[in-house]
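Geometric and topological summary
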Amino acid sequence: MASDSPRVLSGIQPTAGSFHLGNYLGAVRQWVALQETHDAFYMVVDLHALTVLQDPKELRANTRLAAAQLLAAGLDPERCTLFIQSHVAEHAELAWVMNCLTGFGEASRMTQFKDKSAKHGADRASVGLFTYPILQVADILLYQANEVPVGEDQRQHIELTRDLAERFNGRFGETFTLPRPYILKETAKIYDLQDPSIKMSKSASTPKGLINLLDDPKATAKKVKSAVTDTDTVIRFDVEEKPGISNLLTIYSTLTGTAITELEQRYDGKGYGALKSDLAEIMVDFVAPFRERTQQYLDDPETLDGVLAKGAEKARAVAAETLSQAYDRVGFLPAKH
């Protein structure tokens, strides 16, 4: 990848086990495309995972599983840098410097902390949950990222990153690149198959409404065929009146690249059964090879660990240089070896 390509950085949590269709279509598929046009750094953010209680064995297994799925989805270690966040110690080190530049009020205003602490009670929220946006700032600034692929809901985090980078640069001299949000193309929002009023997600969806990419393909086909629709039989995209059918059309269109208007014409007068049956087949054709490729990586831990070690080495080379410069600028005494 030519060094004059803009650099992107993004991360995914290792807490979910199997990726679901919403994660894949909303983020991972875009990452695969971006590695062709950008100098791409992607990580499994296991430090961020600690903001909720983790079982150590499960966290380890899920971290490996997330990396295997990213590779199965099409990330190519020759075209991007894929690594585990905790393998690069500079993330935590730069986060401390950034914590010391962040106002308490500024951190308090981050909406995700407000939402999560309101849900579980502020006294039960950890300091890590409070400061994780600042770790996210360090994640981005360490790699001098030009762009950060995010959904609209994450725009606030990029604004905080820019504010802190400007504050550091203003106080200590030009050090960090100010990143821009790369708002992912209007990717399809994928909704729960049983309750199309909520986004498909591990935390909100019902088991029957969630398509996990590592599920048995037959179980996936069954979920598609039993997706909630509505009382008439007209196949039309109408989110208000026909949320269930609109969701199925969105999934079909996004996986095949066929325009929704074309699908409406194709299934005109055919009824819901035909649409669901064809979509079930498309889903199986997609998940079966994904599942197989993921398993191949899990069955060959040596290769997987080799990819991650090489990725961490490439990431550390960039991160160490940035951290060294930041440490020098704030006035830390250099260590003599």
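Analysis parameters
- Residues numbered from 1 in each chain as written.
- Predicted model: local features only at pLDDT ≥ 70, side-chain atom pairs only at ≥ 80, totals over all residues.
- Heavy atoms only, no water.
- UniProt positions renumbered as here; feature names shortened; annotations may be inferred.
- Helix = DSSP H or I, 4+ residues; strand = E, 2+ residues; numbered from the N terminus.
- Contact = heavy atoms within 4.5 Å.
- Areas by Shrake-Rupley, 256 points an atom, 1.4 Å probe, with all protein chains shown as cover.
- Lys, Arg positive; Asp, Glu negative; His and termini not counted.
- Charge placed at Lys NZ, Arg CZ, Asp CG, Glu CD.
- Salt bridge = Lys/Arg side-chain N within 4 Å of Asp/Glu carboxyl O.
- Buried < 20%, exposed > 50% of the residue type's maximum accessible area, 1.4 Å probe, protein only.
- Phe/Tyr/Trp six-rings, centres within 6.5 Å; stacked < 30°, edge-to-face > 60°.
- Lys NZ or Arg CZ within 6 Å of the ring centre and 35° of its normal.

The name that an unreviewed UniProt entry assigns to the protein chain is Tryptophan--tRNA ligase, with the source organism given as Streptomyces glomeratus. The record in UniProt for the protein chain states the following under Catalytic activity (unreviewed entry): "tRNA(Trp) + L-tryptophan + ATP = L-tryptophyl-tRNA(Trp) + AMP + diphosphate + H(+)". UniProt, in the comment section headed Subunit (unreviewed entry), describes the protein chain in these words: "Homodimer."

Before going further, it helps to spend a moment on the overall build of the protein chain. Secondary structure summary: the protein chain contains 13 helices and five strands in total. C-alpha extents for the protein chain along the principal axes are approximately 75 × 45 × 40 Å. Counting only contacts in the protein chain whose residues sit at least 6 apart along the sequence, the fraction spanning at least 24 positions is 76%. Of the roughly 16,600 Å² of accessible surface on the protein chain, 52% is carried by carbon and sulfur atoms. Of the charged side chains in the protein chain, 37 are positive and 45 negative, and the gap between their average positions amounts to 2 Å.

Another point: the pattern of salt bridges. With the rule as written, the count across this model stands at 12 salt bridges. Close ionic contact of Asp-76 with Arg-79 constitutes a salt bridge, the shortest N to O distance being 2.6 Å. According to the relative accessible area criterion, Arg-79 is partly exposed, its value standing at 40%. The partner of Arg-236 in a salt bridge is Asp-238, and the shortest N-O contact between them spans 3.3 Å. Since its relative accessible area comes to 33%, Arg-236 is described here as partly exposed. A network of salt bridges, in which partner residues are shared, links Glu-36, Asp-76 and Arg-79.

So, on to the packing of aromatic side chains. According to the stated counting rule, one finds 10 aromatic pairs in the structure shown. Taking the centre distance of 5.7 Å and the plane angle of 50 degrees together, the rings of Phe-83 and Tyr-143 count as tilted. On the criterion of sequence distance, the pair formed by Phe-83 in strand β3 (residues 80–84) and Tyr-143 in the loop between α7 (127–142) and β4 (147–150) is long-range, its members being 60 residues apart. We classify Phe-83 as buried; its relative accessible area is 0%. The exposure class of Tyr-143 is buried, given its relative accessible area of 0%. Counting every residue linked through ring pairs, the aromatic cluster contains Tyr-24, Phe-286 and Phe-290. Its guanidinium or amino end placed over the ring of Tyr-267, Lys-270 lies 5.7 Å from that ring's centre, counting from NZ or CZ.

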